[in-house]
Amino acid sequence: MDHVLDIADRYILTPYVYPASWPEDGALRQVISLLVLTNMGAELLYLGFAAFSFYYVFDHRLLKHPHFIENQLQREIRLGVTSIFWMSFPTVALFFAEIRGYSKLYDNITKSPSGWPGVMLSVAGFLFFTDMVIYWMHRVLHHKSLYKYLHKQHHTFKIPTPFASHAFHPVDGFLQSLPYHIYPFLFPLHKVAYLFLFVFVNIWTISIHDGDFRIPWPLVEVINGAAHHVDHHLYFYYNYGQYFTLWDRLGGSYRHPSVLLGQGPLDHIRKLTVAGKLRR
Ligand SMILES: [Zn+2]
Ligand SMILES: [Zn+2]
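The rules behind these values
Residues numbered from 1 in each chain as written. Chains lettered and ligands numbered in written order. Predicted model: local features only at pLDDT ≥ 70, side-chain atom pairs only at ≥ 80, totals over all residues. Helix = DSSP H or I, 4+ residues; strand = E, 2+ residues; numbered from the N terminus. Rg over C-alpha atoms; globule rule 2.2 N^0.38 Å. Buried ≥ 20, exposed ≤ 12 C-beta atoms within 10 Å, placed from the backbone. Contact = placed C-beta atoms within 7 Å. UniProt positions renumbered as here; feature names shortened; annotations may be inferred. Axes fitted to C-alpha atoms, helices over the stretch in contact; angles between N-to-C directions. Parallel < 35°, antiparallel > 145°, perpendicular 65-115°, else oblique. Core = buried A, V, L, I, M, F, W, Y, C linked by C-beta atoms within 7 Å. Left-handed = near helix turned anticlockwise from the far one by under 90°. Expected span 1.5 Å × (residues − 1).

Our next topic: the overall build of the chain. Helix and strand counts for the chain come out as 11 helices and 2 strands. Reading the chain from its N terminus to its C terminus gives the helix and strand order α-α-α-β-α-α-α-β-α-α-α-α-α. Computed over its C-alpha atoms, the radius of gyration of the chain comes to 20 Å, within 12% of the 19 Å expected for a compact globule of 280 residues. With respect to the three principal axes, the spread of C-alpha positions in the chain is 70 × 40 × 40 Å. When each of the 280 residues of the chain is scored for burial, the buried share is 33%. In the chain, of all internal contacts separated by at least 6 residues, the share reaching a separation of at least 24 is 70%.

Structure (structure tokens):
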């Protein structure tokens, strides 16, 4: 985040916003700036990409599904926007620790343990680590002692739209984002790669809720896409993964997408339409 903060300081905050008596490295000023930038960045990413996905990717036939609830879009957006706001407070505490130098982030390739291959390896490591931790955390959140307090809100939506991607109880949302923030405190990571990964994970989360169930054949076994994740929303105890099917396979929770077996939500809508129970 310090690249983002530096740019905001240089071009906007120092010349136009803060009084000259507030130094750029003052803790209070940094926390306020991080709160504003994190909220603006995360809400814009969420609303911008989810809106794009809803209009251009999401299959609008799904709106007719009997599990699509009343005012669902408004409920998803309200929950997503408020969750990002509340999540931003603990997130900013971690960003603050990061810009104060407590993480293993570096900004010069010479500081990479093994040059560019090291950067590539750390990106792969980030995906592997976050996929694994989110999988197990997600399973714990489905435990009956926790489920109804935290994770149930996300499962209000059985046929999710891209706006459901960030619609969580704030504690649930923060817990599931924690692996992204912890990684650079444990392992070296290039700051630009981290920024890229931050945007990527937000878009990925939207993409597994986008109602576009197509996945190229060889990847269907490996990648956890929207076809897998809609089964998680419909059947609860399967496909907890984020990017890959690996941990679901190892943890015994993998379910081959029902969409690919002719039993997905669109098949259900088609059958109801043919039976005259839904308007064409
Ligand atoms: Zn779940
Ligand atoms: Zn979901």
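Let's shift gears to the UniProt feature "domain: Fatty acid hydroxylase" (unreviewed entry) in the chain. UniProt's entry tags residues 125-252 with the feature "domain: Fatty acid hydroxylase" (unreviewed entry), counted in the numbering of this structure. Annotation note: span residues 125-252, helix share 58%, strand share 2%, distance between end C-alpha atoms 23 Å.

Attention shifts here to the UniProt feature "transmembrane region" (unreviewed entry) in the chain. According to UniProt, the feature "transmembrane region" (unreviewed entry) maps to residues 31-58, 79-99, 119-138 and 192-209 in the numbering used here. Note that residues 79-99 is 100% helix and 0% strand, and that its end C-alpha atoms are spaced 29 Å apart. The straight-line gap between the two end C-alpha atoms of residues 119-138 is 28 Å; of that span, 100% is helix and 0% is strand.

Contact geometry for helix H1 (residues 2-17) and helix H2 (residues 27-56): axes closest at 11 Å, N-to-C directions at 100°. Comparing their axes, H2 and H1 come out roughly perpendicular. Packed against H1, whose contacting residues are Val4, Leu5, Ala8 and Leu13, the element H2 presents Gln30, Ser33, Leu34 and Leu37 at the interface.

Attention now goes to the nonpolar core. The biggest cluster of nonpolar side chains holds 17 residues, and the ones touching the most others in it are Tyr46, Ala50, Phe163 and Ala167. Secondary structure elements with two or more residues in this core: H2 and helix H3 (72-99). Of all the elements, H2 adds the most residues to this core, at 5 residues. Not counting residues up to four positions away in its chain, the partners in contact with Ala167 are Glu76, Leu79, Gly80, Ser83, His154 and Phe157. By size, the runner-up hydrophobic cluster in this structure holds 7 residues, among which are Leu105, Tyr183, Leu189 and Tyr194.

With that out of the way, let us pick up unusual backbone geometry. For Phe236, which is not glycine, the phi torsion reads 65° and is therefore positive. C-beta crowding within 10 Å serves as the criterion here: with 14 such atoms nearby, Phe236 is assigned to the partly exposed category. A positive phi angle is found at Asn239, which is not glycine, with a value near 50°. Tracing the backbone through its elements, the reader meets Asn239 in the loop between helix H9 (226-235) and helix H10 (246-250). Residue Asn239 is classed as buried on the basis of its C-beta count, with 26 C-beta atoms lying within 10 Å.

Any two packed helices are characterised by the angle at which their axes cross and by the distance between the axes. Two elements in contact, H2 and H3, have axes separated by 8 Å at closest approach and are oriented at 135°. The angle between H2 and H3 places the two elements in the oblique class. Two packed elements cross with a definite hand, and for H2 against H3 that hand is right-handed. Residues Gln30, Val31, Leu34, Leu35, Thr38, Asn39, Ala42, Glu43 and Tyr46 of H2 form the contact with H3, whose participating residues are Gly80, Val81, Ile84, Phe85, Ser88, Thr91, Val92, Phe95, Phe96 and Ile99.

What follows concerns H2. Each α-helix turn comprises 3.6 residues. Residues three or four places apart therefore point the same way. Helix length check: H2 (30 residues) gives 42 Å between terminal C-alpha atoms against 44 Å at 1.5 Å per residue, within 8%. Where H2 is concerned, the buried positions are Gln30, Ser33, Leu34, Thr38, Ala42, Tyr46, Phe49, Ala50, Ser53 and Phe54. Tucked inside the fold, the buried residues of H2 contact H1, H3 and helix H7 (191-207).

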